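# Summary of structural features
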Amino acid sequence: MTARGDAPPSPDGEAVRAEKDIWRRRLLAARRALPPDEHAARAAALAARAVELVAGVRGAVCAYLPIGTEPGTTALVEALLGAGHEVLLPVVPPTPAPHHGARVARVATLGAGPRGLREPPRPRRGPAVL
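Everything quoted here is computed from the prediction, not taken from an experiment. (Residues numbered from 1 in each chain as written. Predicted model: local features only at pLDDT ≥ 70, side-chain atom pairs only at ≥ 80, totals over all residues. Heavy atoms only, no water.)

Another aspect to go through is helix 2 (residues 36–53). Between its first and last C-alpha, helix 2 extends 25 Å over 18 residues, near the 26 Å set by a 1.5 Å rise per residue. Buried residues along helix 2 sit in contact with helix 3 (75–82). (Helix = DSSP H or I, 4+ residues; strand = E, 2+ residues; numbered from the N terminus. Expected span 1.5 Å × (residues − 1). Contact = heavy atoms within 4.5 Å.)

Set out below in structure tokens:
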């Protein structure tokens, strides 16, 4: 047992983690190799498809703002807002804890958050909203 009470990693678990690490490195390398115009085209397609997927949804829609080479751009949030949705973004606390959700009204109102993320101004709605 570990200090947290979990079972020690099994040899199979270690193999799974190693395989995940290989795939993570491959995906990150592929994202870094993507030309900027292709990234922008894919981000626009992602935003358009997200709006299609939530058409007719009542209530809030949870979204995210990418960092680094993650898929998407602020166009995702702007498209959802433009389609009339209430958009919630995750807010990462400065210390390890569950993420909170916060409503974003405009991308321009986002401020700096931990780990290089942008986040909406207060109020926070707590983790259950996500």
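Turning next to the pairing of strand 2 (residues 86–91). Two elements, strand 1 (residues 60–62) and strand 2, share 3 bridges in a ladder whose sense is parallel. Residue pairing in the sheet places Cys-62 in a bridge with Leu-88 of strand 2. With helix 3 bridging strand 1 and its parallel neighbour strand 2, the resulting β-α-β unit is right-handed. Note that strand 2 and strand 3 (residues 100–104) share 5 bridges and pair antiparallel. Bridging across to strand 3, Val-91 finds its partner in His-100. (Pairing = 2+ DSSP bridges. Right-handed = clockwise from strand over helix to strand, strands pointing away.)

Inspection of the secondary structure puts His-85 in the loop between helix 3 and strand 2. With a relative accessible area of 12%, His-85 lands in the buried category. (Buried < 20%, exposed > 50% of the residue type's maximum accessible area, 1.4 Å probe, protein only.)

What follows is about the nonpolar core. Grouped together as the largest cluster of nonpolar side chains are 14 residues, with contacts concentrated most on Ala-63, Val-77, Leu-80, Val-87 and Leu-89. Taken together, the elements giving at least two residues each to this core come down to helix 2, helix 3 and strand 2. Sort the elements by how many residues they give to this core and helix 3 lands first, with 3 residues. The residues touching Val-77, leaving out its near neighbours within four places in the chain, are Ala-63, Tyr-64, Leu-65, Val-87, Leu-89, Val-104 and Val-107. (Core = buried A, V, L, I, M, F, W, Y, C linked by side-chain atoms within 4.5 Å.)

For the rest of this paragraph, the subject is the environment of His-100. Looking at the secondary structure, you find His-100 in strand 3. Residues His-100 and Pro-127, spaced 27 residues apart in sequence, show a C-alpha to C-alpha distance of 4.2 Å.

The sheet built from 3 strands is open, its strands ordered 1-2-3 with mixed pairing. Sheet topology places strand 1 and strand 3 at the edges, where each strand pairs with a single neighbour. Adjacent strand axes in the sheet meet at a mean angle of 40 degrees when their direction is disregarded. In the packing of helix 3 onto the sheet, the strands contacted are strand 1, strand 2 and strand 3, and the crossing angle to strand 2 comes to about 150 degrees. (Axes fitted to C-alpha atoms, helices over the stretch in contact; angles between N-to-C directions.)

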